[in-house]
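So the chains spell out like this:
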Amino acid sequence: MEEEEEPVTPAGRHIVSRDIGDKDNEDEMILVNRYLEELAVSSPLDTDKPLWEVHVLRNQKLVVFRIHHALGHGISLMSLVLALCRKVDHPDQLPTIPSSSSSSSSSSSWISQNHTIIKPPRGLRITGLAMVNLRKQPGLQDLPNLMKNKSVSSWWGNNFGFVLLPIYHHRDVDDPLQYVKRAKAMVDRKKLSLEAHFSYRIGTLIMSLLGPKIATLLSYRIFCNTSFTISNVVVPQEEIMFVGNPITSFRVTSTSLPHATTPGKAQMQILVAKDIIPDPQFLAKCFEDALLELKDAATAATKN
């Protein structure tokens, strides 16, 4: 991939503007994914400056906000990005703050769980993490209120817990919706538990008693022993623009983590050891085929 870098400007320590590849000869999505891959695994943020960068890919008309998680979690940072945008039809107005309640209710009603008996799980197990926003107000936040609020549960920064999601694979299961039903039953139980709150409080306690080094080691061990993370960061549903440029799509990911976001559509970031899985594109295709199979099964079930 050929790159042309401009001379460093006063803002160049944080803002990187580049032309990558030849958009007439190579698929733009491949170019963008390759660039993001290099950022994720090969280019750590420079600790000699505040831990954020903005990458502008001119040919692809793409802006990448790269922000360290120490500066805030998904809700805080997405609220910040949203405050920089304006409505397309009303350029002087900020975007409407979307609520996460509608998306949660629609996804939970996808498969009815009434009168379903869930047998004890058996088979191959993988474990994931689901991030849980612990703020009193769900969804994205109004940035001025977020910055000024003195309540610990509402201020800027990391305010989230997590729950463990054990997923089992069964060779003898022919109906893919059985996995959805099992997962929904598990998540419903997790929602009623205090697991997310305990994980946040325990992390805060370890930070205060043992310091950031031990807290970081604990978090690292937790993430290293799980196979995936999943979140539901709400993105705007209306047409918005950034510095006068209409935005066609948002994509929220976590660097160096296998990650999936589900704000109405599935977006996955896959991280593999290439000495074990030399063709990650094939693995991505397997995930895509599995999701399409689930969708077809759900569509058929609703028609019956």
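Residues numbered from 1 in each chain as written. Predicted model: local features only at pLDDT ≥ 70, side-chain atom pairs only at ≥ 80, totals over all residues. Heavy atoms only, no water.

Caption draft 1: Up close: the overall build of the protein chain. What the protein chain contains, in helices and strands, is eight helices and twelve strands. Buried residues in the protein chain amount to 29% of all 304 residues. Of the roughly 20,200 Å² of accessible surface on the protein chain, a fraction of 58% belongs to carbon and sulfur atoms. (Helix = DSSP H or I, 4+ residues; strand = E, 2+ residues; numbered from the N terminus. Buried < 20%, exposed > 50% of the residue type's maximum accessible area, 1.4 Å probe, protein only. Areas by Shrake-Rupley, 256 points an atom, 1.4 Å probe, with all protein chains shown as cover.)

Caption draft 2: Broad picture of the pairing of strand S8 (residues 228-231). Side chains Thr229 and Ser231 project from S8 onto a buried face, and the interleaved Phe228 and Ile230 project onto a face without burial. Two elements, strand S6 (residues 124-133) and S8, share three bridges in a ladder whose sense is parallel. Each residue of the ladder has a partner; that of Leu129, found in S8, is Thr229. (Pairing = 2+ DSSP bridges.)

Caption draft 3: The arrangement of helix H6 (residues 195-210) in detail. In this model H6 runs 22 Å from its N-terminal to its C-terminal C-alpha over 16 residues, within 8% of the 22 Å that 1.5 Å per residue would give. Lining the buried residues of H6 we find S6, strand S7 (160-169) and helix H7 (212-224). In the segment just after H6, Gly211 is the residue with positive phi, at about 95°. (Expected span 1.5 Å × (residues − 1). Contact = heavy atoms within 4.5 Å.)

Caption draft 4: Focus on the side chain of His14. Looking at the secondary structure, you find His14 in the loop between strand S1 (3-5) and strand S2 (15-20). A distance of 2.9 Å separates the side chain of His14 from the backbone oxygen of Trp52, its partner in a polar contact. Not counting residues up to four positions away in its chain, the partners in contact with His14 are Lys49, Pro50, Trp52, Glu53 and Val54. (Polar contact = N/O pair within 3.5 Å; in protein donor to acceptor, adjacent residues only side chain to side chain.)

Caption draft 5: Summary view of the packing of H6 against H7. Two numbers describe how H6 lies on H7: the axes approach to 7 Å, and their chain directions differ by 145°. Of the residues in H7, those in contact with Ile206, Met207 and Leu210 of H6 are Pro212, Ile214, Ala215 and Leu218. (Axes fitted to C-alpha atoms, helices over the stretch in contact; angles between N-to-C directions.)

Caption draft 6: Broad picture of the sheet that holds strand S9 (residues 240-242). Spatial strand order, S5-S9-S10: three strands in an open sheet with antiparallel pairing. This sheet does not close on itself; its edge strands, each paired only once, are strand S5 (85-87) and strand S10 (245-246). With three bridges connecting them, S5 and S9 associate as antiparallel partners. By the bridge assignment for S9, Arg86 is matched with Met241.

Caption draft 7: Here's a closer look at the pairing of strand S3 (residues 52-57). The sheet contact formed by S2 and S3 spans four bridges and is parallel. Pairing of Ile15 across the sheet is with Val54, part of S3. Bridge count between S3 and strand S4 (residues 62-67): six bridges; the pairing is antiparallel. What sits directly across from Glu53, in S4, is Arg66.

Caption draft 8: Quick peek at the pattern of salt bridges. Tallied over the full model, the rule gives seven salt bridges. We note a salt bridge from Lys184 to Asp188, for which the minimum N-O separation is 2.7 Å. Taken as a pair, Lys184 and Asp188 lie in helix H5 (residues 177-192) at a separation of four residues, close to a single helical turn. Lys184 sits in the buried class, given a relative accessible area of 18%. Here Asp188 falls in the partly exposed class, since its relative accessible area comes to 27%. The salt bridge partner of Lys190 is Glu195, with a shortest N-O separation of 2.9 Å. Overall, Glu195 belongs to the partly exposed group, its relative accessible area being 23%. (Salt bridge = Lys/Arg side-chain N within 4 Å of Asp/Glu carboxyl O.)

Caption draft 9: Molecular detail of a nonpolar patch on the surface. Judged by side-chain polarity, Leu205, Leu209, Leu210, Ile214, Leu217 and Tyr220 come together as a nonpolar surface patch covering roughly 640 Å² of accessible area. Every element with two or more residues in the nonpolar patch is listed here: H6 and H7. When you line up the elements, Leu217 lands in helix H7. What makes Leu217 partly exposed here is its relative accessible area of 47%. (Patch = residues over 30% accessible without salt bridge, like charges linked within 9 Å, V, L, I, M, F, W, Y side chains within 5 Å.)

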